[in-house]
Structures are given as structure tokens and as C-alpha cells.
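Descriptive structure summary
Read off the chains here:
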Amino acid sequence: MTLTFAALVPGLPHLLNPAPGSGHDALARAMAHIGDTLEAKGVKRILYYSTQWLSVLGTMVQAQPTISGVHVDASWHQLGEIPFSFKVDSAFAEQMSAAATAAGFRTQAINYEGFPIDTGTIVANRLINRHGIATGMISSWLYAGYEDTVKFGQSLADAIAADTAPTAVIAVSSLSGNYFPTDIDPREDHISSPEDDEWNQRIIALMSSGSFGAADLLVPTYAKTCRAEVGFKALAFLRGIGAAREKQGATCLQYGAIHGTGAAVIQFSC
Amino acid sequence: MSGASEGRILGGWLAPHPPHLVYAENPPQNEPRSSGGWEMLRWAYDECRAKLKAQRPDVIIVHSPHWQTTVGHDVLAVPKLQGLSVDPIFPHLFRYKFDLQVDVDLAESISEEARALGLTSKPMANPAFRVDYGTITSLHMMNPDWDIPMVGISANNSPYFHDPKTAQDEMIKLGEATRIAIQKSGKRAVLAASNSLSHLHFSAEPNPALPEDMSREHVFSHAQYEWDVRVINLLRAGKIFELMNILPDFMEEAVAEVKAGSLMWMLSAMEFPQLPAKLHGYGNVIGTGNAVMEWDLTEMHSRGTGSTQL
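Residues numbered from 1 in each chain as written. Chains lettered and ligands numbered in written order. Predicted model: local features only at pLDDT ≥ 70, side-chain atom pairs only at ≥ 80, totals over all residues. Heavy atoms only, no water.

1. Description of the overall build of chain A
Scanning chain A from N- to C-terminus turns up 7 helices and 10 strands. Taking 270 residues into account, the globule formula puts the C-alpha radius of gyration at 18 Å, and chain A, at 17 Å, falls close to it. Along the first, second and third principal axes, the C-alpha set of chain A runs to 45 × 40 × 35 Å. Scored against the burial criterion, the 270 residues of chain A give a buried share of 60%. (Helix = DSSP H or I, 4+ residues; strand = E, 2+ residues; numbered from the N terminus. Rg over C-alpha atoms; globule rule 2.2 N^0.38 Å. Buried < 20%, exposed > 50% of the residue type's maximum accessible area, 1.4 Å probe, protein only.)

2. Remarks on the interface of chain A and chain B
Contacts between the two partners involve 32 residues from chain A, matched on the other side by 34 residues from chain B. Between chain A and chain B, the buried area comes to about 2700 Å², and carbon and sulfur atoms account for 62% of it. Three residues stand out in chain A for area buried against chain B, namely Leu57(A), His77(A) and Tyr179(A), and they jointly supply 25% of the buried area on that side. The interface formed by chain A and chain B contains 0 salt bridges. Connecting chain A to chain B are 7 residue pairs in polar contact (both at pLDDT 80 or more). Looking at the side of chain A that touches chain B, its residues break down into 15 nonpolar, 11 polar and 6 charged. (Contact = heavy atoms within 4.5 Å. Buried area = accessible area lost by both parts, 1.4 Å probe. Salt bridge = Lys/Arg side-chain N within 4 Å of Asp/Glu carboxyl O. Polar contact = N/O pair within 3.5 Å; in protein donor to acceptor, adjacent residues only side chain to side chain. Nonpolar A, V, L, I, M, F, W, Y, C, P; charged D, E, K, R; others polar.)

3. Things to note about the packing of helix H3 (residues 104-116) of chain B against helix H5 (residues 164-185) of chain B
All names here are of chain B. Where H3 contacts H5, the two axes come as close as 8 Å, and the packing angle between them is 130°. Regarding the angle of H3 to H5, the classification is oblique. Viewed along their axes, H3 and H5 form a crossing whose handedness is right-handed. Where H3 approaches H5, its residues Leu106, Ser109, Ile110, Glu113 and Ala114 are matched on the opposing element by Leu174, Ala177, Thr178, Ile180, Ala181, Ile182, Lys184 and Ser185. (Axes fitted to C-alpha atoms, helices over the stretch in contact; angles between N-to-C directions. Parallel < 35°, antiparallel > 145°, perpendicular 65-115°, else oblique. Left-handed = near helix turned anticlockwise from the far one by under 90°.)

4. A word on H5(B)
All names here are of chain B. Helix length check: H5 (22 residues) gives 31 Å between terminal C-alpha atoms against 32 Å at 1.5 Å per residue, within 8%. Within H5, burial applies to Ala167, Gln168, Met171, Ile172, Leu174, Gly175, Ala177, Thr178, Arg179, Ala181, Ile182 and Ser185. In the segment just after H5, Gly186 is the residue with positive phi, at about 75°. (Expected span 1.5 Å × (residues − 1).)

5. Details of the confidence of the model for chain B
Predicted coordinates in regions of low pLDDT should not be interpreted in detail. Of the residues in chain B, 96% have a pLDDT of 70 or more, and the chain-wide mean is 94. In the predicted assembly, ipTM is 0.92 and pTM is 0.94. (pLDDT = per-residue confidence, 0-100.)

6. Notes on the pairing of strand E9 (residues 251-258) of chain A
All names here are of chain A. By the bridge criterion, 7 bridges tie E9 to strand E10 (residues 261-268) in an arrangement that is antiparallel. Its bridge partner lying in E10, Gln254 is registered against Val265. Taking the residues between adjacent antiparallel strands as the criterion, E9 and E10 are bridged by 2 residues, where His259 takes a positive phi near 50°. (Pairing = 2+ DSSP bridges.)

7. Details of the packing of aromatic side chains
All names here are of chain A. Summed over all chains, the structure comprises 15 aromatic pairs over all chains. On the basis of an interplanar angle of 35° and a centroid distance of 6.4 Å, the ring pair of Phe152 and Phe237 is categorised as tilted. Within this pair, whereas Phe152 is found in helix H4 (residues 146-161), its partner Phe237 is found in helix H7 (residues 233-241), the two being separated by 85 residues in sequence. Relative accessible area serves as the criterion here: at 6%, Phe152 is assigned to the buried category. Assessed through its relative accessible area of 0%, Phe237 is described here as buried. Ring geometry for Tyr222 versus Phe232: centroids 5.5 Å apart, planes at 90°, classification edge-to-face. You can see Tyr222 sitting in helix H6 (residues 212-226) and its partner Phe232 sitting in the loop between H6 and H7, a full 10 residues away along the chain. Just as Tyr222 is buried, Phe232 falls in that class too. Each member of the aromatic cluster is reached from another via a ring pair, and the members are Tyr49, Phe105, Phe152 and Phe237. Above the plane of the ring of Phe92 lies Arg45, whose end atom (NZ or CZ) is 3.6 Å from the centre. (Phe/Tyr/Trp six-rings, centres within 6.5 Å; stacked < 30°, edge-to-face > 60°. Lys NZ or Arg CZ within 6 Å of the ring centre and 35° of its normal.)

8. Comments concerning the nonpolar core
Judged by nonpolar contacts, the single largest core of 101 residues is most densely connected at Ile61(B), Leu81(B), Met142(B), Val151(B), Leu191(B), Phe250(B) and Trp295(B). The element best represented in this core is helix H7 (residues 240-253) of chain B, accounting for 7 residues. Setting aside its immediate chain neighbours within four residues, Leu81(B) contacts Leu76(B), Phe98(B), Asp99(B), Leu100(B), Val102(B), Asn126(B), Pro127(B), Phe129(B) and Val131(B). Grouped together as the second largest cluster of nonpolar side chains are 49 residues, Ala159(A), Met207(A), Ala223(A) and Leu235(A) included. (Core = buried A, V, L, I, M, F, W, Y, C linked by side-chain atoms within 4.5 Å.)

9. Observations regarding the pattern of salt bridges
If the charged atoms of two oppositely charged side chains come close together, the side chains can form a pair. With the rule as written, the count across this model stands at 20 salt bridges over all chains. What you see here is one network of salt bridges that share partners, running through Lys53(B), Arg56(B), Asp145(B) and Asp147(B).

10. Points about a nonpolar patch on the surface
Together, Leu54(A), Leu142(A) and Tyr143(A) make up a nonpolar patch on the protein surface, roughly 250 Å² of accessible area in all. Overall, the relative accessible area of 41% leaves Tyr143(A) in the partly exposed class. (Patch = residues over 30% accessible without salt bridge, like charges linked within 9 Å, V, L, I, M, F, W, Y side chains within 5 Å. Areas by Shrake-Rupley, 256 points an atom, 1.4 Å probe, with all protein chains shown as cover.)

11. Quick notes on the pairing of strand E2 (residues 59-69) of chain B
Residue and element names in this part refer to chain B. Burial analysis of E2 places 9 of its 11 residues in the buried class, which makes it a mostly covered element. The sheet contact formed by E2 and strand E7 (residues 150-156) spans 7 bridges and is parallel. When the bridges of E7 are listed, Thr69 appears paired with Asn156.

The structure is reproduced here in C-alpha cells:
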């Protein structure tokens, strides 16, 4: 078993240049900390599952060996340019694609110059992967439900287990997705409603106590009530791939808000 | 430029953006090659191209559902935008080298007028910005020579965040802001609502080995087809009020892409013209319903028919 590390992190660009006096800096530092931790654990490959990379015709797995460029977020373009550079384990991308396909999931390994890398993956990689560890990127298939995503994650768990490289899985997703619809002063950023805050903390508490089965049951209501990002399928993926296991409590390193949405840096026990 | 006289909108186009249409045409800007396909829609766009050649507008303004912004209705405001746009859904079909001239003055004015009407809006001023494939596809299909400056407006996420009425009210204000800015600019503008009609689609390509296999192309469902025909008939009859009444159901039942607000923005900018729209063509792309339709406001003005404030 080479799943060595797993975490759930936010992926909004506010984290890269945190506004002074905002809570974004603490989230960014927590992400840097998990980068240090996974390096100390000897991780040789980081797999990103970002709910900001949405695919329609099944799941996509990035297979372009090297990717670099400058990214400008479609929504948060005023935050500036984000240089990025990825070294992708393309052979493992093919293995993941084959494993998922064998399990009945339409999956394609893609290799196109200029393919848009999503902001969440770029932000996470910038903060976590500061020393060029090999990566993998997996899309969030829009039409996969929570249970399907659990099964999809399971299909990749076998590929990871059969491989020798110590691997970290990083799910990139917000918690509650209700943002402020207007510009705000970042110093006054907070979860957009007490109800969302309560829900986020309830879900974090369940993850912290290792009560993932209970969390699974609550996700549909949580997603509907708080617009948890893409049905909070990030947790489904982590469940399937074996990172979020019952009775193995996760550790919440930081919880806060990004433009009203919920953001947490959570490390799982692997 | 038309001089110091008040600017005006020459017309509006429903200009759907399936990247398949660019792929099927094999323009030099797009890397993938095809053997054609989706001719009914492409021939419809030929009529748009001819019309624009005759009209010579100063600017084309496009509202695209695929430039989604969380906060605000943003506007491209960099004089020149260049780069490679790869469709994240259909990268095997659309890898397009774009080179856009933006009418920055008008863009900034639209944003300013939007703010004056109480909307959140800001100019997008970053030259490294990658333009979305919806904007590029609609503009390419309308004007493949790219010799008319453009303004691109984002689709604010409000239709998916607020109730439908609040969201569409924002699009109505955005249309008003666009019209005011055009009038102040002295320019002759053509508008483009870059959206499909019914938007349920196949979850897999019917023939991955030949994406342009027209023997496998058809509408997703008969119910969607009926919705598309109903909407097109209302537009062809100029029954804008009736259309407004059924739009919420259309959005819900046919997952219509008009929900993103492009059509409402355009109709509002044109002051909801009581003018029969001309259907140039209808076709399906991976199951979605797409119509190329035209509102020629120069005809309306010459006939003396009116428009309506909602």
C-alpha cells in the first residue's frame, strides 16, 4: 500500500498572496505545512483531485509530462497572474486511466499542449509542492454522483496499491460554497452565514472523529443547504481511494473563510 | 467609428458556441482536422457572416456562458488578447489560436454603466487572460476574418446562485448598461448571445472515432426538441412577452443554456424588440439544441415598429 498521505484543501487564488489582516494567510500556511509533512513522509507523487476541474464526457486524467505557464483565474483575474509548473507522472496517469476504465468508468488520459489547468490544482500545487514532486491530476466528472465517485476512487486505490511510489492524495474543494456576490474587504471575510458555519463545523467534527459513514449520510443535505462544492464529492473521492477510513480521525489544521465560502485544511490518517 | 452621432445597435444574433462548428470548418487557427459536419448550423452562420460584411459594424459584443465569474459582470478590457484556447471538455476538437482586438473604451464604458445601475462589474485588464471557447467560437463563426473589434462580457454566476427572477433582472440591467454605453460611444454595434437552447447532451460521444459522424447526431430527446421549437416559434413571431413567461420552465425542463443570461442581456439591450426574429438555422450538437437567429433592428427602425421596456 503506497498511499502515504492525504488531505483536503481549498483552492482559491486568494491564498497565494493573502491580503494583510485576512484569515487567508493561516490557511496558506497550513497548506505549506502539509507540504512539509508529506515531504518528510517521503512522498514521491502527489495526486490532485480538484472539484474545479469538471469533465463532462467521463473522467479525464492529465498525462502531459511537463506543463508550465501563467494562469489567470476567470473569476478572480484581478488577483493577478499565477505562474505554474508541473511534472506529471504520465505513466501512472495511463495506469490510473486503465484501472478506472477496467472498473467500468469512462476515463481518458489527456495530453494536449495548452489544456487549461484549473485554479484549484494550481493553487494547491503552488502551496504544497514547493520542490517539484511528480504529480497527477484527476478531473471531477460532473455526472458522477457521490456513490459513483466513491467507486471511482476505489478503482484508483488498486492502481496506487500496486505501485511502489509513496503517494499523496490531495482533494481540492471548498466546504460551503455560498460566496458573497459583491466585492468585500478581505479583512472582514467570514463564512457567509451562521448556518453554513455550523454545517461546516459539523462536517469537520465528523471527519475529525473518524465518523465518515455519518458524514456520508449528511452530505446530500449539507450540499443542498450550503452549496458544498460539487456535492462535496471531494470527500467521496477520499473515501473511495482509502484516505478517509472509518474510525481513523482526520486532523483539521485550519478552518476559515474565502470570500464567504468555507475552507479547511484537513489531514487524513493514512 | 461613426463620428459624433449617437451610437446604436444594428442587430442581435443568437450565436451558439459548440466548438464542433469550428472543428468542422477546419480554419487555420484550429489544430484538429475534420471532414466537416453540422452543416445546417454552419450554413446558417454563413448568412451572419454575409450580413456583417454588408453592415460593417464598429464592434461585436458577445456575452458568453463559458466565461463564468463569481463576483460581478466583468468585461474584457485589454486592447489585444492572444493565446491558445483549448476546450476543457472537447480538447480533441478545439485547440484554437486566438488573436482578438478589444474595444477597450466601450468595454470600460459598459462596465461603468453597469456599476451606475447598481451591478457589480469590473474590467478584466490582465493581458495573460485566456479567453473562453464560447466567446471565441461565436465570434469565429460570425466573423472568421476577425477584422471587427470585440467586447466580451462574462456570465455572472447569479442565475445559479439567486432565484431565476433576481438573476434575470441582473441581466436586464446589464443589457440596459450595454445599450447606454453603445449610445454614448457613437458606435454601430452588433450583439451576440452565445448560447444554445436546450442543453441536455449525451454523456459520451456517439462515435468517438469520428466526432463528425452525422448519422449519430440527433436531439437529446423529443421533449427537448418540442421546447426548442416552442421557443423558436415565439421568437419568430416576435412574442417576447410570451417568451419571458415560459423562460423559467424552459430553463428548468430543458436545462436551457439561456439560463446563463446571454439571451436576456441581448433582448434587454435591444429594448425587447417586438420584431420577428429570423431563423437562419437549427441543429443539434451532441444532443443540444442550437439556433442561429437574427434580430435586424435596422429593419425595425425603417418599418417604425417599436420596442418595449419591461
